[in-house]
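Understanding the architecture of this molecule
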Amino acid sequence: MSRFRPKTYPQVCRLLTTFALDTMMRTLTGRKRPVMFILDELAQLKHLPIVERAFTLGAGFGVQVWAVFQSVEQARKLYPLDSLYGSAGFRGFFKVEDPETCDFASKCASGVLTPADVRHLPELGMLALLYSANPHIVKRLGA
């Protein structure tokens, strides 16, 4: 099965993402488990109003969005960080290089790790922050 690549088909990816999220968020469904949308390289699609709405209101419609960005700066250019990260049940950081993202990850981890600790995570290490749990450094599966 082939998959769409945002650089190759940006308009199609924007349309499909908008259509899928809009369809899921039209009515309250009473789902027992949320539908998860994993939007890898979300910055390639530019700003999508439906994605911003899904960050803040999606849970009420049984929709959960996981967005993947290269850095905090990239995310901040497109979406308000308080809505993006404030409603996230999970935040993961790996291969963090830039100072702003290292500082942000350290603050998200309640200062348990310094920005330098975040920058020097093990090669396959990921800082995993689950809602209302202590920060964990976990090993990612193969890279």
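The text that follows walks through the structure, step by step, so that each part is easy to find. Predicted, not measured: the structure shown is a model, and the values here were computed from it. (Residues numbered from 1 in each chain as written. Predicted model: local features only at pLDDT ≥ 70, side-chain atom pairs only at ≥ 80, totals over all residues. Heavy atoms only, no water.)

**Some details on the pattern of salt bridges**
The line we're drawing: Salt bridge, as used here, is a side-chain nitrogen of Lys or Arg placed within 4 Å of a carboxyl oxygen of Asp or Glu. Helical segments are the DSSP runs of H or I of at least four residues, strand segments are the runs of E of at least two, and each set is numbered from the N terminus. Note on exposure labels: buried denotes an accessible area under 20% of the residue type's maximum, exposed denotes more than 50%, and partly exposed covers the range between, all computed with a 1.4 Å probe on protein chains only.
For the structure on display, the rule yields 5 salt bridges. A salt bridge links E73 to K77; the nearest nitrogen and oxygen atoms lie 3.7 Å apart. Of this pair, E73 and K77 both sit in helix α3 (residues 72-78), 4 residues apart, roughly one helical turn. Assessed through its relative accessible area of 65%, K77 is described here as exposed. Across the pair D103 and K107 runs a salt bridge whose closest N-O atoms are separated by 3.2 Å. Here K107 and D103 lie together in helix α5 (residues 99-108), a separation of 4 residues that amounts to about one turn. You can call D103 partly exposed: its relative accessible area is 31%. Residue class for K107 comes out exposed when judged on its relative accessible area of 60%.

**Topic: unusual backbone geometry**
The phi torsion at K95 lies on the positive side, around 50°, for a residue other than glycine. Of note, K95 is situated in the loop between β3 (90-93) and α5. Positive phi outside glycine occurs at S110, with the angle close to 60°. Mapped onto the elements, S110 comes out in the loop between α5 and α6 (115-119).

**Overview of the packing of helix α1 (residues 10-24) against helix α2 (residues 49-57)**
What counts is decided by this rule: Orientation is described by axes fitted as lines to C-alpha atoms, over the contacting stretch for helices, and by angles from 0 to 180 degrees between their N-to-C directions. By the definition adopted for this analysis, an angle is roughly parallel if under 35 degrees, roughly antiparallel if over 145, roughly perpendicular if from 65 to 115, and oblique otherwise. By convention, the crossing between two helices is left-handed when the near helix turns anticlockwise from the far helix through less than a right angle, and right-handed when the turn is clockwise. Here, residues are in contact when the closest pair of their heavy atoms is within 4.5 Å. Three residue categories are used. Nonpolar comprises Ala, Val, Leu, Ile, Met, Phe, Trp, Tyr, Cys and Pro, charged comprises Asp, Glu, Lys and Arg, and polar comprises the others, including Gly.
The N-to-C vectors of α1 and α2 enclose an angle of 40°; their axes lie 9 Å apart at closest approach. When the interaxial angle is binned, α1 and α2 end up oblique. Note on packing geometry: the crossing formed by α1 with α2 is left-handed. Of α2, the residues touching α1 (which contributes T17, T18, L21 and D22) are I50, V51, R53 and A54. Each residue belonging to the contact of α1 with α2 can be placed in one class, and the counts come to 4 nonpolar, 2 polar and 2 charged.

**A closer look at the pairing of strand β1 (residues 35-39)**
How we decide: Each pair of strands is called paired provided DSSP finds at least two bridges between the two strands. Handedness of a crossover is defined as follows: orient the strands so they point away from the viewer, and if the path from the first strand over the helix to the second runs clockwise, the crossover is right-handed.
For β1 and strand β2 (residues 63-67), the ladder comprises 5 bridges, and the chain directions are parallel. Residue pairing in the sheet places M36 in a bridge with Q64 of β2. Where the polypeptide runs from β1 across α2 and back to β2, its parallel neighbour, the crossover connection is right-handed.

**Some remarks on the sheet that holds strand β4 (residues 125-130)**
Strands pair in a sheet through their backbones, by hydrogen bonds, and they do so in one of two ways: parallel or antiparallel. With respect to topology, 3 strands assemble into an open sheet ordered β3-β4-β5, the strand pairing being antiparallel. Of all strands in the sheet, those bounded by a partner on one side alone are β3 and β5 (136-139). Across this sheet, the average inter-strand angle for adjacent strands is 30°, counted without regard to direction. Relative to β5, β4 runs antiparallel, the two being bridged by 4 bridges. From the neighbouring strand, L127 faces β5, where its bridge partner is I137. Running at roughly 140° to β3, α5 makes contact with β3 and β4 of the sheet.

Read these as geometric descriptors, not functional statements.
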